[in-house]
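Below, each chain spelled out in residue letters.
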Amino acid sequence: MRKKMNWNGVRAPSLADFERLADEAFARLPEAFRARCEGLVIRIEDFPDDEVAAEMELESPFDLLGLYQGISHVDRSVSEPAHMPDMVFLYRRPMLDYWAEYDEPLEGLITHVLIHEIGHHMGLSDDDMHAIEEAAGLE
């Protein structure tokens with residue numbers, strides 16, 4: 001006989017919970033990868049804002065799990081003036097929707113999205129990002 005789960009008091013992870021999970025995920029990434037992220041800001045939002053949704057031509061705000069905003073390492077120049085910090089946005093509600101649909105631990109999903117948002121803008125290949133996921137214990 002299956003043990004009945006007590007759902008009393010159980011709530012969806014909050015923005016603060018996601019922030020903690022993202023910080024923990026970032027801390028598990030290989031040191032060499034984290035070192036290349038100096039000054040990176042990780043922000044947790046419920047959804048992309050209207051400007052991002054329009055720019056990316058999203059059909060639904062649930063279509064985007066995360067976003068990197070900044071100047072790619074491959075496009076960066078030492079002669080450039082100071083710029084806004086590089087940022088990764090993780091979108092809580094689309095990630096919760098994805099999590100509910102697929103059989104994947106939430107911590108793993110957050111780590112995966114974080115690695116890919118950072119990695120694409122560092123000019124990393126999918127193989128490079130796969131290796132980082134392995135080093136972070138996702139594979």
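When helices and strands are tallied, the protein chain shows six helices and three strands. Written out in order from the N terminus, the α and β elements of the protein chain read α-α-β-α-β-β-α-α-α. In the protein chain, which comprises 139 residues, the proportion classed as buried is 33%. Counting contacts in the protein chain only where the partners sit at least 6 residues apart, residues at least 24 apart contribute 66% of the total.

The next thing to look at is the pairing of strand β3 (residues 87-91). Among the five residues in β3, five count as buried, and that is most of the element. Relative to β3, strand β1 (residues 41-45) is paired through five bridges, and the arrangement is parallel. Note that in β3 the partner of I42 across the bridge is V88. Bridge analysis of strand β2 (residues 66-69) against β3 gives four bridges, and the strand direction is antiparallel. By the bridge assignment, Y68 is partnered in β3 with V88.

Inspection of every chain in the model, using the stated rule, returns four salt bridges. Of the charged contacts, one joins E24 and R20 as a salt bridge, the two residues approaching to 3.2 Å between their closest N and O atoms. Residue E24 and its partner R20 are located together in helix α1 (residues 15-28), separated by four residues, close to a single helical turn. For E24, a relative accessible area of 35% corresponds to the partly exposed category. Since its relative accessible area comes to 43%, R20 is described here as partly exposed. Taking the shortest distance from any N to any O, the salt bridge between D46 and R92 comes out at 2.7 Å. Within this pair, whereas D46 is found in the loop between β1 and α3 (50-55), its partner R92 is found in helix α4 (residues 92-101), the two being separated by 46 residues in sequence. Taking the relative accessible area as the measure of exposure, R92 reaches 13% and is therefore buried.

Inspection of the secondary structure puts T111 in helix α5 (residues 106-121). The contact partners of T111, leaving out residues within four places of it in the chain, are A25, R28, L29, A136 and L138.

Attention now goes to the sheet that holds β2. Strand order across the open sheet formed by three strands is β1-β3-β2, with mixed pairing between neighbours. Taken across any chain shown, the strands that pair with only one partner, and hence form the sheet edges, are β1 and β2. Strand-to-strand, the axes of this sheet are offset by a mean angle of 20°, without reference to chain direction. The sheet contacts of α1 involve β1 and β3, and relative to β1 the element is tilted by about 150°.

The next subject is the packing of α4 against α5. Between α4 and α5, whose axes approach to 10 Å, the crossing angle comes to 130°. Of the possible angle classes, the one that applies to α4 and α5 is oblique. The hand of the α4/α5 crossing is right-handed. Between α4, through M95, L96, Y98 and W99, and α5, the contact on the second element is made entirely by L106, L109, I110 and V113. Of the residues contributing to the contact of α4 with α5, the split by class is eight nonpolar, no polar and no charged.

Criteria and thresholds
Residues numbered from 1 in each chain as written. Predicted model: local features only at pLDDT ≥ 70, side-chain atom pairs only at ≥ 80, totals over all residues. Heavy atoms only, no water. Helix = DSSP H or I, 4+ residues; strand = E, 2+ residues; numbered from the N terminus. Buried < 20%, exposed > 50% of the residue type's maximum accessible area, 1.4 Å probe, protein only. Contact = heavy atoms within 4.5 Å. Pairing = 2+ DSSP bridges. Salt bridge = Lys/Arg side-chain N within 4 Å of Asp/Glu carboxyl O. Axes fitted to C-alpha atoms, helices over the stretch in contact; angles between N-to-C directions. Parallel < 35°, antiparallel > 145°, perpendicular 65-115°, else oblique. Left-handed = near helix turned anticlockwise from the far one by under 90°. Nonpolar A, V, L, I, M, F, W, Y, C, P; charged D, E, K, R; others polar.

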